[in-house]
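If you want the building blocks of each chain, they are given just below.
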Amino acid sequence: MSTQNPSTSKKGMNPIIILLSILFLAMLLTYVVDSGSYDRQGNVVVANSYKVIEKDKSLGNLFNYENADQIKAEPVSIIGAFMAIPTGLEQGAGLIFMVLIIGGMFGILTKAGTVDAGLERLLSLVQGNIYVLVIILMIAFSAGSTFLGLASEYLLIIPLMVGMANRLGLPNIIGFAIVCVAVKAGYLSSVTNPLPLTIAQPLLGLQIFSGASVRFFFYLAFLAVGISFVLLMIKRHGFNNAQVHFHAEKLSTRHVSMLLTLAGGIALLVYASTHWHWKHHALSAYYIALSMVLAAMSGLTANQAAQAFVDGMKKVLLASILIGVATAVAVVLKQGMILDSIVHFLMSFIGEGNAYVAATGMFVSQLLLDFLIPSTSGQAAVSMPILGPVGSLAGVSEQTTIVAFLFGNGITNILTPTSGTLLAYLATARVGWGEWAKFIFPLWLVYIVLAVLLLQVSVFIGF
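The notes below deal with the structure included here. (Residues numbered from 1 in each chain as written. Predicted model: local features only at pLDDT ≥ 70, side-chain atom pairs only at ≥ 80, totals over all residues. Heavy atoms only, no water.)

Before going further, it helps to examine helix α6 (residues 158-167). When you tally the buried positions in α6, you get eight out of 10 residues, the bulk of the element. Of all the residues in α6, the buried ones are I158, P159, L160, M161, V162, G163, M164 and A165. Contacts from the buried residues of α6 go to α3 (93-111), α4 (114-125), α5 (130-148), α7 (172-189), α10 (253-276) and α17 (420-429). Looking at the residues trailing α6, positive phi occurs at G169, about 80 degrees. (Buried < 20%, exposed > 50% of the residue type's maximum accessible area, 1.4 Å probe, protein only. Helix = DSSP H or I, 4+ residues; strand = E, 2+ residues; numbered from the N terminus. Contact = heavy atoms within 4.5 Å.)

With that settled, consider the packing of aromatic side chains. One pass over the structure, following the stated rule, counts 19 aromatic pairs. Ring geometry for F176 and Y425: centres 6.3 Å apart, planes at 90 degrees, overall edge-to-face. Here F176, found in helix α7, pairs with Y425, found in helix α17; they are 249 residues apart in sequence, far enough to count as distant. Classification of F176 by relative accessible area gives buried; the value is 0%. Centre to centre, the rings of F216 and Y219 are 5.9 Å apart; their planes meet at 50 degrees, and the pair counts as tilted. Here the residue F216 and the residue Y219 both occupy positions in helix α9 (residues 212-236), the gap between them amounting to three residues, near one helical turn. Each residue in the set F176, F229, Y425, W436 and F439 is aromatic and connected to the rest through ring pairs, giving one cluster. (Phe/Tyr/Trp six-rings, centres within 6.5 Å; stacked < 30°, edge-to-face > 60°.)

α17 packs onto α7 with a crossing angle of 150 degrees between their chain directions and a minimal axis gap of 10 Å. Comparing their axes, α17 and α7 come out roughly antiparallel. As for the relative orientation of α7 and α17, their crossing is right-handed in sense. From α7, N172, F176, C180 and V183 reach across to α17, where they touch L422, Y425, L426 and A429. Among the residues making up the contact of α7 with α17, the classes are represented as seven nonpolar, one polar and no charged. (Axes fitted to C-alpha atoms, helices over the stretch in contact; angles between N-to-C directions. Parallel < 35°, antiparallel > 145°, perpendicular 65-115°, else oblique. Left-handed = near helix turned anticlockwise from the far one by under 90°. Nonpolar A, V, L, I, M, F, W, Y, C, P; charged D, E, K, R; others polar.)

Next up on the list: the environment of T274. The residue T274 is located in helix α10 in this model. As a C-alpha pair, T274 and L195 span 79 residues in sequence and 9.8 Å in three-dimensional space. T274 has contacts with L148 and L150, leaving out every residue within four places of it along the chain.

Turning next to the pattern of salt bridges. The final tally for this structure, using the stated rule, is two salt bridges. A salt bridge links K51 to D39; its shortest N-O distance comes to 2.8 Å. With K51 in strand β4 (residues 51-53) and D39 in the loop between β1 (35-37) and β2 (40-41), the pair connects residues that are 12 residues apart, well separated along the chain. For K51, a relative accessible area of 39% gives the class partly exposed. (Salt bridge = Lys/Arg side-chain N within 4 Å of Asp/Glu carboxyl O.)

You can see I174 is positioned in helix α7. Not counting the four nearest positions on each side in its chain, I174 is found in contact with A165, M233, I234, H237 and F439.

The next subject is unusual backbone geometry. Most of the time, phi is negative for any residue but glycine, and the peptide bond is trans. A positive phi is found at F209, a non-glycine position, where the angle reads about 75 degrees. Residue position: F209 is located in the loop between α8 (194-203) and α9. Look at F209 and you get partly exposed, because its relative accessible area is 33%. Not every positive phi belongs to a glycine, and H277 is a case in point at roughly 55 degrees. With respect to the helices and strands, the residue H277 is situated in the loop between α10 and α11 (280-297).

Next up on the list: a nonpolar patch on the surface. Taken together, the side chains of F147, L148, F216, F217 and L220 present a nonpolar region at the surface, about 450 Å² in accessible area. Going through the elements one at a time, α5 and α9 are the ones with two or more residues in the nonpolar patch. With three residues, the top contributor of residues to the nonpolar patch is α9. A residue is classified by how much of its surface remains accessible, and L148, at 41% relative accessible area, is partly exposed. (Patch = residues over 30% accessible without salt bridge, like charges linked within 9 Å, V, L, I, M, F, W, Y side chains within 5 Å. Areas by Shrake-Rupley, 256 points an atom, 1.4 Å probe, with all protein chains shown as cover.)

Here's what the structure looks like:
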């Protein structure tokens, strides 16, 4: 299965094979890793409460079919692993349907010619200078991410950026990178991002949003490196600014009204997400309503608009299934009751004698943990009560502990195939995970080095 059009797909391991391999590796881990659990107060882990739970690790459990869909302290059977897939699809349904609806909405916009007309006008405003345009766009996208915590809201923007890249003769992955790298650069430092900070900082006794000034300088460092990387990739794809030709004529009244409606819809979406805390169901309903409004304005007949919507959904249908398979990995780890055991194991690697080493150890543990808990808020609830006391013993301040968590969570989320948000991004951009991993891996390594250096700075200045 490929998440691209046949004309643009490249050879490589199919992402469904990668995810299924991870799923069955998680199943095998339930036979190797002890089951265990922390006590919890709500969703928050109680520090120093880990205990091992006895279970039968014999391979005879591989073919156990009794109660294969129930959570209990025993290894996950092959049947249980397969049953985790529909369970994962069910748990990820909100995100899956949201991606499909967004694909349908942009099918309508594309069929009406609005996307092409809008891109031509955008290029004329910057006189075809794509480098200036990319810098402006990435600053804007990253600002929304680091200050407001915008992430899934950018699903609406990705098809526009992909369309812009295609208009300039560049592949989908460039348009995707403009959005994804900017958003991830913002999340890495989360200057005032409420999603991780409102959970992580109170757990360590910190005032929410405290330390924003230092994190702002970290944000600038990650953003500068991210922008430089994207511009370099554009240049490596042979892009020549002098060869850009664009039409400078004004947009039609219909196209202007549709673009203004889309812009207003995005603005309302941002407000609703931050102030009314809309989740997937509310967002999907909103996208359906917005699609119907745009269809009515498009000049298409009802049948044409409906067909355009279906065609748009088809482009992201198969890729959307990956979100469910990725969620199934978490289902298997939870069913085998080994997630807390892995957390306990990772935390044991953090040193207590040197603050610089301990801060780096915290970061590495968060990098690895994020493959298992890609949710930012979920990872904060699990790891902060454990990291806080460990950091105190090693002389690492609470603010630096927060930074280690943010860096580890954000960097892994750029790449991990178990992140539902990343897979949703890739689905809307029609970019394969394997292609993205190969593209982004150099920046991923650079970000890891930069994160370690900034953590050392954080410890040095006593942040």
